[in-house]
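# Structural characterization, general
Each chain, written out:
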Amino acid sequence: MSDQYAFAQVSSTIPGPRFIRGVFLFHSITWVLSFILAKITVATPSIQQWQKDNWGVALVILIFWIGSLIATACGGRALRNGPINFLVYGLFTIFTIFLASAAVSFFNTIITYYIIGAITGAVVGNAIYAFSTKTPLSIAGAALYILAGVSIFYQIFIIFYNVSLTCLALIGIVILLLGFFMLYDVTEVIAGTAYGFEGHQSVSGSIVLWLDYILILVRICEAFTRAMRKSP
């Protein structure tokens with residue numbers, strides 16, 4: 001009896017399919033809201049000008065965004081259990097959608113908007129795949145959903161925006177790879193309890209996924225730097 005109880009206790013703390021679906025769901029909500037505000041920013045030059053004139057606000061928000069990200073990854077149960085986790089997630093999402101809007105204002109408006117939209121498509125594609133299957137998620141199974149999500153935005157931009165098709169295609173390929181990395185990261189790293197998550201902490205898991213975006217970007221930059229140093 002004691003062995004069965006111990007097994008039940010351990011099983012309840014190991015993230016499963018429900019945890020993975022929750023991570024993709026909450027991550028999708030953040031990206032969809034970011035895409036909506038980015039779209040509003042693209043269509044409203046006054047918002048773009050305000051953000052350029054008040055760039056310090058974006059800098060402060062970025063600091064709070066990084067702080068909330070690190071706190072979630074390192075804070076343990078104190079920040080991962082409800083209702084605190086929903087409060088942190090709400091603030092983090094507000095910070096994220098503001099930064100997405102600021103990125104549209106500070107960088108190339110259309111290209112940045114396309115990047116945000118295509119990533120949103122990849123994230124939503126992963127979420128749809130996670131909710132549509134009861135089997136463990138696989139790269140092959142997710143390929144169709146991720147490809148469809150990115151392709152939708154590629155076709156929209158071809159039709160409505162005068163942007164280099166080659167540029168869009170290259171960005172789309174990178175985002176496809178990001179979509180597959182996202183799937184691997186959630187199923188193997190985050191759901192694999194590398195951060196010590198339990199089965200009910202998918203809200204916080206959706207935030208920590210952003211940290212791995214940053215870490216993989218840093219690794220890529222390090223690899224390029226080393227390659228450049230070795231080249232004659």
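Residues numbered from 1 in each chain as written. Predicted model: local features only at pLDDT ≥ 70, side-chain atom pairs only at ≥ 80, totals over all residues. Heavy atoms only, no water.

Moving on, we get to the overall build of the protein chain. Along the protein chain, the regular secondary structure elements total 10 helices and 0 strands. Within the protein chain, buried positions represent 43% of all 232 residues. Across the protein chain, contacts joining residues at least 24 apart in sequence account for 80% of those joining residues at least 6 apart. Accessible surface for the protein chain amounts to roughly 12,600 Å². Of this, 72% is attributable to carbon and sulfur atoms. (Helix = DSSP H or I, 4+ residues; strand = E, 2+ residues; numbered from the N terminus. Buried < 20%, exposed > 50% of the residue type's maximum accessible area, 1.4 Å probe, protein only. Contact = heavy atoms within 4.5 Å. Areas by Shrake-Rupley, 256 points an atom, 1.4 Å probe, with all protein chains shown as cover.)

With respect to the secondary-structure elements, Tyr 195 resides in the loop between α9 (165-190) and α10 (202-230). Sequence-wise, Tyr 195 and Gly 205 are 10 residues apart; in three dimensions their C-alpha atoms are separated by 8.7 Å.

Looking now at helix α7 (residues 109-132). For α7, which comprises 24 residues, the first-to-last C-alpha distance of 34 Å matches the rise-based estimate of 34 Å (1.5 Å per residue) to within 8%. The element α7 is extensively covered by neighbouring structure, given that 17 of its 24 residues are classed as buried. You can read the cap of α7 off the contacts: a side-chain oxygen lies 3.3 Å from the backbone nitrogen of Ile 110, and it is on Asn 108. (Expected span 1.5 Å × (residues − 1). Polar contact = N/O pair within 3.5 Å; in protein donor to acceptor, adjacent residues only side chain to side chain.)

All right, on to the side chain of Thr 187 then. Along the chain, Thr 187 falls in helix α9. A polar atom in the side chain of Thr 187 sits 2.8 Å from the backbone oxygen of Leu 183. Within the structure, the side chain of Thr 187 is placed 3.3 Å from the backbone oxygen of Tyr 184, a separation counted as a polar contact.

Before going further, it helps to spend a moment on the nonpolar core. For soluble globular proteins, the rule of thumb is that nonpolar side chains tend to be buried together. One finds Phe 24 and Tyr 213 to be the most contacted residues of the largest nonpolar core, which totals 60 residues. Elements with a minimum of two residues in this core: α2 (17-43), α4 (55-74), α6 (84-106), α7, α8 (139-160), α9 and α10. No other element matches the 11 residues that α7 contributes to this core. With residues up to four places along the chain from it excluded, the contact list for Tyr 213 reads His 27, Trp 31, Val 123, Leu 178, Phe 181 and Met 182. (Core = buried A, V, L, I, M, F, W, Y, C linked by side-chain atoms within 4.5 Å.)

Moving on to the side chain of Thr 72. With respect to the element layout, Thr 72 can be found in helix α4. Look at Thr 72 and you get buried, because its relative accessible area is 1%. Not counting chain neighbours up to four residues away, the residues in contact with Thr 72 comprise Leu 79, Arg 80, Val 88, Ser 204, Ile 207 and Val 208.

Moving on, we get to the confidence of the model for the protein chain. Of the residues in the protein chain, 85% reach a pLDDT of 70 or more, and the chain-wide mean stands at 80. For residues 1-13, every residue scores under 50 in pLDDT, and the model assigns this stretch 4 contacts once sequence neighbours within four places are set aside. (pLDDT = per-residue confidence, 0-100.)

Before going further, it helps to spend a moment on a nonpolar patch on the surface. Judged by side-chain polarity, Trp 55, Leu 59, Leu 62, Ile 63, Ile 66, Ile 70, Phe 106 and Phe 107 come together as a nonpolar surface patch covering roughly 800 Å² of accessible area. Per-element tally for the nonpolar patch: the top contributor is α4, with 6 residues. The exposure class of Trp 55 is exposed, given its relative accessible area of 55%. (Patch = residues over 30% accessible without salt bridge, like charges linked within 9 Å, V, L, I, M, F, W, Y side chains within 5 Å. Salt bridge = Lys/Arg side-chain N within 4 Å of Asp/Glu carboxyl O.)

At their nearest, the axes of helix α3 (residues 45-53) and α6 sit 9 Å apart, and the two run at 95 degrees to each other. Compared by their axis directions, α3 and α6 come out roughly perpendicular. Residues Ile 47, Gln 48, Trp 50, Gln 51 and Lys 52 of α3 form the contact with α6, whose own contacting residues are Phe 98, Ser 101, Ala 102, Ser 105 and Phe 106. The residue makeup of the contact of α3 with α6, split by class, is 5 nonpolar, 4 polar and 1 charged. (Axes fitted to C-alpha atoms, helices over the stretch in contact; angles between N-to-C directions. Parallel < 35°, antiparallel > 145°, perpendicular 65-115°, else oblique. Nonpolar A, V, L, I, M, F, W, Y, C, P; charged D, E, K, R; others polar.)

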